[in-house]
Amino acid sequence: MIEVALVVSAYLLGSVPTGYILGSMAGVDVRKMGSGNVGATNVARVVGKGRGVLTLVADAAKGWLPIFAALQLEMSLSAVTLAGTAAFLGHLYPIFLRFKGGKGVATAMGILLALAPLITGVLLVIFAVTVAVGRLISLGSITAAIAAPVSLWIAGYPLNVIVMVGFIAAMIIWRHRGNIQRLRAGTEPKFDFSNSR
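Parameters at a glance
Residues numbered from 1 in each chain as written. Predicted model: local features only at pLDDT ≥ 70, side-chain atom pairs only at ≥ 80, totals over all residues. Heavy atoms only, no water. Helix = DSSP H or I, 4+ residues; strand = E, 2+ residues; numbered from the N terminus. Rg over C-alpha atoms; globule rule 2.2 N^0.38 Å. Contact = heavy atoms within 4.5 Å. Areas by Shrake-Rupley, 256 points an atom, 1.4 Å probe, with all protein chains shown as cover. Lys, Arg positive; Asp, Glu negative; His and termini not counted. Charge placed at Lys NZ, Arg CZ, Asp CG, Glu CD. Phe/Tyr/Trp six-rings, centres within 6.5 Å; stacked < 30°, edge-to-face > 60°. Buried < 20%, exposed > 50% of the residue type's maximum accessible area, 1.4 Å probe, protein only. Lys NZ or Arg CZ within 6 Å of the ring centre and 35° of its normal. Expected span 1.5 Å × (residues − 1). Axes fitted to C-alpha atoms, helices over the stretch in contact; angles between N-to-C directions. Parallel < 35°, antiparallel > 145°, perpendicular 65-115°, else oblique. Left-handed = near helix turned anticlockwise from the far one by under 90°. Nonpolar A, V, L, I, M, F, W, Y, C, P; charged D, E, K, R; others polar.

Participant: Give a description of the overall build of the protein chain that names residues and reports values.
Facilitator: Within the protein chain, the regular secondary structure consists of 10 helices and 0 strands. Taken from N to C terminus, the helices and strands of the protein chain fall in the order α-α-α-α-α-α-α-α-α-α. Computed over the C-alpha atoms, the radius of gyration of the protein chain is 16 Å, within 12% of the 16 Å expected from 2.2 N^0.38 for a compact globule of 197 residues. Projected onto its principal axes, the C-alpha coordinates of the protein chain cover approximately 45 × 35 × 25 Å. Restricting to contacts in the protein chain with at least 6 residues of sequence separation, those with at least 24 account for 67%. For the protein chain, the computed accessible surface area is about 10000 Å², with 69% contributed by carbon and sulfur atoms. Computed over 16 positive and 6 negative side-chain charges, the separation of the two mean positions in the protein chain equals 13 Å.

Structure, rendered in structure tokens:
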């Protein structure tokens, strides 16, 4: 029963629409501006970098907290990965926004940070280098997503973890399918790091 409660709680926590809430506090519905996404990148574009960073941190915490709780309670690895998957799906399909959520990158980062901090560091470097070169957040996210399960496999992590992260990576890539089309067409907007709002 504790494991079921944790998985349900993880989904509900993942469903908390941080970006939408922070945008609403600024008088903006981020779903109707920019890319229409409730994630950190669109929040930063629409209402400023400060709220974008807050969205990033909060969305990452939604993935980190359930994993941390499961590990502290010494639950099975299956329960740990189910909790992480539930938090991730909560962010993608939040019950509080009629199941229309973000792309899951920050929440996935929180999950990985709790399970594999060193691998997370490697993935952040991959993401940062990709974004620094092209100023394309989407390309950095896709590249890091592809690298995540491969890195875990090379490092010898348990199959449960690799499968969960492989599923998460596939979902992130799927949620970026519009971005992929724009990248191929050369029309994907580059992120403006000089935005100081």
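Participant: So, the packing of aromatic side chains: which residues are in play, and what are the values?
Facilitator: One pass over the full model with this rule turns up 1 aromatic pair. With 4.7 Å between their ring centres and 15° between their planes, tryptophan 64 and phenylalanine 68 make a pair best called stacked. Separated by 4 residues within a single helix, tryptophan 64 and phenylalanine 68 lie in helix 4 (residues 49-72), roughly one turn from each other. Judged by relative accessible area, which is 37%, phenylalanine 68 ranks as partly exposed. The ring of tyrosine 93 has arginine 175 lying over it, and the distance from NZ or CZ to the ring centre is 5.0 Å. Stacked on the ring of tryptophan 174, the Lys or Arg arginine 177 has its end atom at 4.0 Å from the ring centre.

Participant: Explain helix 5 (residues 77-92) to me, and be specific about the residues and the numbers.
Facilitator: The end-to-end C-alpha distance of helix 5 is 23 Å, a good match for the 22 Å that 16 residues give at a rise of 1.5 Å each. By the criterion of burial, helix 5 is predominantly enclosed, with 12 of the 16 residues buried. Every buried residue of helix 5 is listed here: Ala79, Val80, Thr81, Ala83, Gly84, Thr85, Ala86, Ala87, Phe88, Gly90, His91 and Leu92. Close packing links the buried residues of helix 5 with helix 1 (2-15), helix 4, helix 6 (105-115) and helix 9 (159-175).

Participant: How would you summarise the packing of helix 7 (residues 117-134) against helix 8 (residues 137-154) if you had to cite specific residues and measurements?
Facilitator: Helix packing geometry: the angle between the two helix axes and the distance between the axes. Contact geometry for helix 7 and helix 8: axes closest at 8 Å, N-to-C directions at 150°. With respect to each other, helix 7 and helix 8 are oriented roughly antiparallel. Judged by the sense of rotation from one axis to the other, the crossing of helix 7 with helix 8 is right-handed. Residues Ile119, Leu123, Ile126, Phe127, Thr130 and Val131 of helix 7 pack against Ile137, Leu139, Gly140, Ser141, Thr143, Ala144, Ala147, Ala148, Ser151 and Leu152 of helix 8. Its residues assigned to classes, the contact of helix 7 with helix 8 shows 11 nonpolar, 5 polar and no charged.

Participant: Can you break down unusual backbone geometry residue by residue, with the values?
Facilitator: Of note, arginine 98 is a non-glycine position whose phi angle comes to about 55°, a positive value. Looking at the element boundaries, arginine 98 is found in the loop between helix 5 and helix 6. Given a relative accessible area of 74%, arginine 98 falls into the exposed group.

Read these as spatial facts, not as claims about activity.
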